[in-house]
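Coordinate inspection notes
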Amino acid sequence: MVKEIERVGIPVVHICTVVPISKTIGANRIVPAIGIPYPLGDPTKSAEQSKKIRRELVERGLKALETPVSEQTVFE
Amino acid sequence: MAKYKIVHYINNFFSGAGGEEAAGMRPEVHEGAMGPGLALLEAFGEDYEIAATVVCGDNYFGENLEDATAELLSMIEPFKPDLFIAGPAFNAGRYGVACGTICKAVEKELGIPVLTGMYEENPGVDMFRKDLIVIKTKNSAAGMRKAVPVFKNLGEKLVKGEEILGPDIEGYLERGIRVNYFAEKRGSERAIELLVKKCRGEECPTEYPMPKFDRVEPTAPVTDMAHTKIAIVTSGGIVPQGNPDHIESSSATKYGIYSIAGMERMDKKDFMTVHGGYDRAFVTEDPNLVIPLDVLREMEKEGVIGELADYFITTTGTGTATGNAKAFGEDFVGKLKEDGIGAVILTST
């Protein structure tokens, strides 16, 4: 799905837990997520902290979308 | 004569430790064969023994690739095996990645032959097919019976240092290695034969297949985020309560587009997850863990982003054929274009 979105010229960031899979399929802007059962946030922490983590990840995703890349790039 | 020693790697599920609830388990070592190793042991016969079975949870492995690999290596090494087998992983993506990762590490660090098996659409295949012999299996554990003799045959050849023939003959997935051989007929004759087959509409397999690269050039970045309309897409299986379109919990054949108009956050009263590839407990409680609607709404109000599309697009990623996922994408990009979407955040579990 990532590639089809990018193919029509829409910038896309893939926020995902298993980065090697994302690289294999060919996503160009990748943000590593937290965990498989909770990619955006951390429910083992308090609700506020979990949301803060989510906000940081989304911000990193937006930054990735604003960054020029020439090859597959992981935004750690 | 001493027996040849095999060490076998399996995941939480095949070890009997449990499904998603056990996917976080750390590496463990057990003496002897267990789970699918019992069938392998029987096939390999009396000259072989499975000295140990090492087990690791798929999530623990996926989230800690380096640590998990190091821990497992330290468990495998003392047994001084002659052969290492991982899986088979069938169509389980995380398990396939784990099998490939540990096989590659064992081959490199311990210098012994390794074998694994997967269904050809497992994401582990493209990651490791060039490095490893990956036996071609069916997409579920029902294919174990057919896979066992292939493991035995190839395993024996590897241990004894015998020649491994081509992928079609031996039953493994093509590695992209060319081997020179002397053909009976010269090239011009073979070319004419192929042409005649083609003219007759028969199958005419090329002697020189080209690798397929499906890569998309990165798009130019977003330059004006504060005026950009963003859409959320996910493979995390989030659907409205009741799953009105019956999106499958694995091997999805469809996707859905659902409204988030007027919503401040993903409320568990409105949404659920049907994804069959992870422990759903956390996301059931808080769907924002997959669709970060709460923080995107804040950013919309703060003017960080221009606007959020009033829907999200969703399917289940686990076990889903890459061909299906591609078709979903091809199908919904028209809508994204029409709606003036300037950037997409795609989340995966």
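Parameters and conventions
- Think of each chain on its own: its residues are numbered from 1, step by step along the sequence as written.
- Key to labels: chains lettered from A, ligands numbered from 1, both in the order written.
- Reporting in this predicted model follows two pLDDT cut-offs: at least 70 for local features of residues, and 80 or more for side-chain atom pairs to be given and counted; totals over whole chains, interfaces and linings ignore these cut-offs and use all residues.
- Based on all heavy atoms of the structure, the side-chain values leave hydrogens and waters out of the count.
- Where helices and strands are cited, they refer to DSSP runs of H or I of at least four residues and of E of at least two residues respectively, numbered from the N terminus.
- Buried, partly exposed and exposed residues are distinguished by accessible area as a fraction of the type maximum, computed with a 1.4 Å probe on protein chains only: under 20%, between the cut-offs, and over 50%, respectively.
- Each accessible area value is a Shrake-Rupley result obtained with a 1.4 Å probe; residue values ignore everything except the protein chains displayed when judging cover.
- Two residue types count as positive, namely Lys and Arg, and two as negative, namely Asp and Glu; His and chain ends fall outside the count.
- All charge positions are set by atom: Lys at NZ, Arg at CZ, Asp at CG, Glu at CD.
- In these notes, a set of buried Ala, Val, Leu, Ile, Met, Phe, Trp, Tyr and Cys residues joined through side-chain atoms within 4.5 Å is what counts as a nonpolar core.
- Strand pairing requires that DSSP identify at least two bridges connecting the strands.
- A fitted line through C-alpha atoms represents every axis, and for helices the fit uses only the stretch in contact; the resulting angles, taken between N-to-C directions, go from 0 to 180 degrees.
- Only heavy atoms matter for contacts: two residues are in contact if any of them lie within 4.5 Å across the pair.
- Helix span, as expected, comes to 1.5 Å for every residue beyond the first.
- An automatic or database domain assignment supplies the residue ranges for each domain.
- A quick way to say it: buried area is the sum, across both parts, of accessible area lost when two parts are put together, with a 1.4 Å probe.
- When a carboxyl oxygen of Asp or Glu is within 4 Å of a side-chain nitrogen of Lys or Arg, the pair counts as a salt bridge.
- Throughout this description, a polar contact denotes any pair of N or O atoms lying within 3.5 Å of each other; where both atoms belong to protein, one of them has to be capable of donating a hydrogen while the other can accept it, and for residues adjacent in sequence the pair is counted only when both atoms sit in side chains.

Topic: the overall build of chain B
Counting secondary structure elements, chain B contains 12 helices and 12 strands. With the C-alpha coordinates aligned to their principal axes, the bounding extent of chain B is approximately 75 × 60 × 35 Å. Going through the 349 residues of chain B one by one, you find that 46% of them count as buried. Counting every atom, chain B has about 17,100 Å² of accessible surface; 51% of that belongs to carbon and sulfur. Within chain B, the 54 negative side-chain charges are centred at a point lying 6 Å from the centre of the 37 positive side-chain charges.

Topic: the nonpolar core
In this structure, B:Tyr9, B:Phe84 and B:Ile102 are the most contacted members of the largest nonpolar core, which totals 53 residues. Formed by 41 residues, the second largest nonpolar core is a distinct cluster that contains A:Ala33, A:Phe75, B:Met299 and B:Phe312.

Here's the deal with the sheet that holds strand β5 (residues 114-118) of chain B
The pairing of strands in a sheet comes from backbone hydrogen bonds and takes either a parallel or an antiparallel form. Residues and elements named next belong to chain B. The mixed open sheet is built from 6 strands, whose spatial order is β2-β3-β1-β4-β5-β6. Edge positions in the open sheet fall to β2 (28-31) and β6 (134-136), since each of these has one partner strand only. When strand polarity is set aside, the average angle formed by the axes of neighbouring strands in this sheet is 25°. Sitting on the sheet, helix α4 (residues 65-76) touches β1 (4-11), β2, β3 (48-56) and β4 (83-86), and the angle it makes with β3 is about 155°. Sitting on the sheet, helix α5 (residues 93-110) touches β1, β4 and β5, and the angle it makes with β5 is about 165°.

Details of helix α9 (residues 187-199) of chain B
In this model α9(B) runs 18 Å from its N-terminal to its C-terminal C-alpha over 13 residues, within 8% of the 18 Å that 1.5 Å per residue would give. The first or second residue beyond α9(B) is B:Gly201, which carries a positive phi of 75°.

Quick word on the domain arrangement of chain B
Residue and element names in this part refer to chain B. If you check the domain split of chain B, you get domain 1 (4-170) and domain 2 (225-347). Here the C-alpha centre of domain 2 lies 35 Å away from the C-alpha centre of domain 1. Across the contact, 5 residues belong to domain 1 and 8 residues belong to domain 2. Summing both partners gives a buried area of about 430 Å² for domain 1 against domain 2, and 38% of it is carried by carbon and sulfur. The largest per-residue losses of area from domain 1 upon contact with domain 2 belong to Glu-20, Asn-91 and Glu-121, which jointly make up 80% of the total buried on that side. Along the contact surface separating domain 1 from domain 2 lie 0 salt bridges. At the boundary of domain 1 and domain 2, one finds 4 residue pairs in polar contact (both at pLDDT 80 or more).

Concerning the pattern of salt bridges
All names here are of chain B. Throughout the structure, instances matching the rule amount to 32 salt bridges over all chains. We note a salt bridge from Arg-26 to Glu-71, for which the minimum N-O separation is 3.7 Å. Of this pair, Arg-26 sits in the loop between α1 (12-15) and β2 while Glu-71 sits in helix α4; the two residues are 45 residues apart in sequence, bridging distant segments of the chain. Residue classification places Glu-71 among the partly exposed residues on the basis of a relative accessible area of 22%.

Notes on the interface of chain B and chain A
At the interface, 58 residues of chain B touch 49 residues of chain A. Between chain B and chain A lies a buried interface of about 4,700 Å² when both sides are counted; carbon and sulfur atoms form 69% of it. If you look at where chain B meets chain A, you find 8 salt bridges. Applying the counting criterion to the chain B and chain A interface returns 22 residue pairs in polar contact (both at pLDDT 80 or more).

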